[in-house]
Structures are given as C-alpha cells and as structure tokens.
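Working through the structure, step by step
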Amino acid sequence: MLVMLARDRRTYPVSLSVVDQSSRSVQAEEFSRTYAAGEEDAAIAIAIAALEAETPFIPPFESLWWLCGELIARRRYRLGLELTEQVWKQGYRGWRALYLRGVFLALSREIEPAAEILETARREAPEGRRSEIALIEARLRAMTGQTGNALSLFREHLKFDHASERAVAAALRIALREDQKDLVIQWTEQANKALGATAARTRLLAEMYFENGEWQKARATAESGVRLDPNDLVLGRIAARSAYREGRIAPAITRLEAQLALDDAWVEGKILLSRCLVKGGRDKEARRILKGIGAASSHEEERRELLAGLRNAGTDDVLEAVPPGTPRKKRGNKQDVLQDPEVRKIMSNMPAEFVPRWTPETLAARGNPLIAIGRLSHSVRTLMLREMMARFGRHELGYLWAVLEPMMHVLVISLIFYFIRARDALGMNMVLFVTTGVVPLFVYLKTYNQLTNALKQNRPLLNHSRVQPMDIFFARSILELFTHIFVLILFVTFIYVFVDKYTFGNALSVLVNLFGLWIFGIGAGLALGSLAVFVESIKNVMDGLNRLLYITSGVFFTLDMMPASVAQYMAYNPLLHFVDGVRGNFNPLMGGTRVDIVYAFSWAVGILALGLLADRALRSRVLDR
C-alpha cells in the first residue's frame, strides 16, 4: 500500500498545484525553504508542528507526495488525514490527491470511504499507476465483505512480476474465500515462479492438489516445500498422506515412517502406516504401532477395526478390543479351522466349483520352492513379452532393429579394416573377426543399459502385488541375453554359408563367456542405477567409460596381437578376456593364450555381488525418486 509514497522525492509540474501562493502560511514558507535546502528532518518537524497546531498549512504540491510518505513512515496518520483535508478544501481533485486521501482514510480505519475514493483515483490515474491503486482498493473491498469485487480487481490488475508479497497473499486469501481452487493453484504457481517459492505458498499449493485428488502432484509439491522448511509438519503430513493415496506401498511406508520420526503425535499417520504395513504383510510391526496409540485418541474406532482384522487374520498377541478390566481368555493350541463343525457344514452345501482352495494340502504347499519358482517364471515370462511388445512390436519391422544395430557396427568396422588393409594381419576372416568382437560386447553393454533405469521406467508395474523389482531385472536381462545369442548365431551362420567356411570350436565355451559378459552387465547396471540416487551424473561418467571399453575390449584386437609390454596392461580389462574367449572358438589360431577366464569371472561375480547389494540397500530410495 505504501510503495508509491516511500521516500519519493520526485517533483511534479508546478502547474499541477492549485494552491493560491498568497494564501500560504508562514510555516508553509519556512517548510518550503528547508525542504529545498535538503534538510528533510527539519522540514518534516516544521510540518508536524504546524499540523498539530491546527493552523492552515498547505505546502507546495511538488513536496506534498514526499511529506505524506514521511507521515506514513512515522505513523502520523491523523496528521496526514488533516493535511489531505486541507488540500481537499483548496479544491484540488487530481488523482494524486484522491489517492493520498484514500490511503490516509484507510490507515485511519475508515475503510468504506477509502475504497470509494481509491476507486475514483484509479479511474483518473494514468495507465501505469492503475494497477497499484487497484491492488489497494481490492484489499479494502475484501475488508468490507465485497469479495467478489475484490477478486475481479485482482484478476484484472495482479501482475506477479511487480506485485508485493502482501498483495499476493491477499489475493490468494480472497480466492480461497470465494472457493476458486483452480485460480488459487494458478496464482500460487505464478507467484512461486515470479517471486520465488516460499513454504507458505508451497503448502497452500500442496493442499489444493490434495483436495483435487492429484496425489502425485501433491506429494511432489509437499516434498519441495519440506526442502524449503524441514520443520513444517503440515507439509510433511501432506507428503505422507499423498504417498499413501498413490497406492504404492513401499514408498508410502518410507514416507510415513520418516514423517512419524519427526511427528510422533500424528495419530492419523500411525493409522495410515499400520494399514500399509498390513497390506505389505508386516503384521507384527502394524500391531506394535497400533498398541502404541492411546485409547483416547480421535481414531480409536479405526484402531480397533485394524486390531480386529489382525486378530481375525490369525496373528497372536493382539490387543483385544474389549473394555478395560475384562479378563482375557487363556490361550490354547491353535485349532484347524477346517475341522470346525460350522465350517464343514457350510462347505458341504457348496457346489464343487465354488469350494475355496484353502485346504490343508494347498496351505502346506504355500512354502513349496517349486511353486515359488513357477510364480517367478510366470511373472518374468509375462514381463518379457511386455518388453518385447514395447521395444519391438510397435512397427512391423521393429524386431529387425535388434539385428540392424550390431550389423551396422560390424559393417562400419569391417570397412575400416578393409581400407587400412588390415585383413591379412587379423589371422581370420575380417567380418568374422569383427562379429565375434561386437556381438559379445553388446551382451554386456545392452544388459547394462536396460538395467540402469529398469525400476524408473517400470515403476507403475510395482503397484501389482505379484510383480517384484527382481522380476523386472530378470525379464530385461534374460531378454537381452537371448536376443544377442540369437543375433550371434544368425551372423556366424550367415558368414559360414555365404562368406567363409571356418572351423568352429566349443559351443559351451562360447556360452560360458557370454554368460560372464551378461552377469557383468547385470552387476554394473544394478550398481549404477542404485548409486545414481546420490550422484545423478555418475551415469554420464559410466557412459563415457563404456565408450572407452568398447575400444579396449577386443573389438579391434586380441591380447595375442598386442606386444607383451602392452598386453600386460590391457589384460587388466576383464571384458577383453571374455571377448577373446568367444573369438577363440571361431579360429584355432585365435585361441587366446593370454586369456584368464578365472580372473574375468572373479571380476564378473564381484560386480554382480556389488550390484545386488546396492540394489537391496538403496531400492527404497530409487523407488522414492
């Protein structure tokens, strides 16, 4: 409200003044001389003394604006109103005088007349000043209960690049009062973008998203607000509630547990966490949390309902939902439900096709490893079909890309060897040499690429209770292994039939070396995908390292081709041993006398173990991103 008056010493044309120079008092003359000399403190003292003495005091108009600003800064609102009253009586009705009078009326709590005068000032003011006056008028209209008019003024004149925090806050309050939720969201987003995000506005935005049922937006917004103010419990609760409403059990449990660690008095959060734990099969933890909730809480009915559900599900040591002082029944041995006479009578009257499958035989088979493996294979097979449709099945020629990509690499590198006349130095057919280097290395590279973002790209699938993260890893990696084994068989068969007949070695040796490259890719993909939660750029570093490995892992040379002084250092690359191991089976002269398969598998198994440990330790953080 006061921004137009604060320390404004701009002068305005003398022709604007309608004050009769002969009517000016002695105090006004003294004020003018002091003000012109730059002695501002002395000038304001003269003006205040004259106004308090209730003598006629009408300073030149070019200093009136500054003087009113100084009176406002000193909270001398009554004197300011008296000053504008004297100017008003002199007959000046310009927009500046109207504005000054309206401001002092508002500061003196005469809200309705202030709003009317400011409306007149706004209409007469130049275009560049109307918005400032309109925002003050809108706030006054809201104070008098005219929220509709106030909202219209804010809609027309609120410019976030120039508006103050107070004006934005007032506009948001009025929009909320008028139940304009979409407008509140729009204005809050614009204000955060133009003025910078604040915890208060972010909290309001998260609440609006939550009320609209936009759980993902509400959670993301609330989490950004928590980063602005970690002590804001309201934002933390909105983030936890939204994670629960999204229906993803693991992230919801993580978020609720983190919030309750800071907000132990939040009973609703304990109820929500208990529900998530029950859905996740963690009944003991849910029981412990429910027992810790006081019986006098406002969620007592929900607490008793959950405890009753846990008791009916067969959990022991559950707090009974009975009045205090009621003696407990002694526990005995658990009875077989199927032996209950009532249950047997009900089942005997049911058609055979509707009889439930929870017989002693089926219950005993639940822990059968073969059944668990069958379920895993079914899930992996289904996910593999989904991956194939997503990656190859959208176009008729989609499946050809799995063949065309390595083929292009083979053709380009073969042409390079051809033009530099290196074909005689390779010791075997040039195309076969390149093929047995490129395709095996692709087993590692493609497996790594597919596992790095596996959870991020397939997060919606984890909402299905039967789908586990490991199912996704198995599906993607097995698909890559089978795809590139097929590509290798296709390429080497084509070369044997149409290019050059060669002597093939041991198929088992080829598969063992491909298996080593495969588990190396699995371990690297899991490790880098998990560690990226700490440093996102680590993926870029690994991509650069993979380009270097492409050059140094046997695509262009073998260990036997290198001088001994160089080979001893190149042999540190475990991928080179696997690639040489594959190539040696296509030419007896390329058997790889320096290949150390034990060393290579030591690296592969170590990287796989590291990847599995990283995935297990950081999986919750990866899913929360």
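Let me sum up the structure you'll find in this document. In every chain, residue numbers begin from 1 and rise along the written sequence. The predicted nature of this model means local features are confined to residues of pLDDT at least 70 and side-chain atom pairs, given and counted, to a pLDDT of 80 or more, with totals for whole chains, interfaces and linings taken over all residues. Computation of side-chain values: all heavy atoms of the structure, hydrogens and water removed.

A short note on helix H12 (residues 215-228)
Our working rule: Elements are defined by DSSP. Helices are runs of H or I of four residues or more, strands are runs of E of two residues or more, and each kind is numbered from the N terminus. Helix span is expected to be 1.5 Å times the residue number reduced by one. Three exposure classes are used, based on accessible area relative to the maximum for each residue type with a 1.4 Å probe and protein chains only: buried under 20%, partly exposed in between, and exposed over 50%. The contact criterion used is simple: two residues touch if any of their non-hydrogen atoms lie within 4.5 Å.
The terminal C-alpha atoms of H12 lie 20 Å apart, and with 14 residues this matches the ideal 20 Å at 1.5 Å per residue to within 8%. Among the residues of H12, Ala218, Arg219, Thr221, Ala222, Glu223 and Gly225 are the ones counted as buried. On its buried side, H12 packs onto helix H11 (199-211), helix H13 (233-246), helix H14 (249-262) and helix H29 (597-624).

Here's the deal with H29
The following threshold applies: Bend angle per residue: angle between axes fitted to the 7 residues ending at that residue and the 7 residues starting there. Whenever a nitrogen or oxygen atom comes within 3.5 Å of another N or O atom, the pair is scored as a polar contact, on the condition that within protein one atom can donate a hydrogen and the other can accept it, and that pairs from neighbouring residues in sequence are kept only if both atoms are in side chains.
With 28 residues, H29 should reach 40 Å at 1.5 Å per residue; the first-to-last C-alpha distance of 39 Å fits that figure. At Leu618, H29 is deflected by roughly 65°, the largest bend along its length. All of the buried residues along H29 are Ala600, Phe601, Ala604, Ile607, Gly611, Ala614, Asp615, Leu618, Arg619, Val622 and Leu623. In this structure, the buried residues of H29 make contact with H14, helix H23 (454-457), helix H24 (469-499), helix H25 (507-531) and helix H28 (574-583). The N-terminus of H29 is capped by Asp596, whose side-chain oxygen sits 3.3 Å from the backbone nitrogen of Val598.

Comments concerning unusual backbone geometry
A positive phi angle is found at Arg75, which is not glycine, with a value near 60°. Look at Arg75 and you get exposed, because its relative accessible area is 64%.

Description of the side chain of Arg219
Relative to the helices and strands, Arg219 resides in helix H12. Excluding residues that lie within four positions of it along the chain, Arg219 makes contacts with Ala239, Ser242, Ala243, Glu246, Arg248 and Asp624.

Details of the pattern of salt bridges
The line we're drawing: When a carboxyl oxygen of Asp or Glu is within 4 Å of a side-chain nitrogen of Lys or Arg, the pair counts as a salt bridge.
Enumeration according to the criterion identifies 17 salt bridges in this entry. Notably, a salt bridge pairs Glu119 with Arg141, separated by 2.6 Å at the nearest N-O pair. Taken as a pair, Glu119 in helix H6 (residues 111-124) and Arg141 in helix H7 (residues 127-143) lie far apart in primary sequence, 22 residues in all. The burial state of Glu119 is the same as that of Arg141; both residues are buried.

What is shown is where atoms sit, not what they do.
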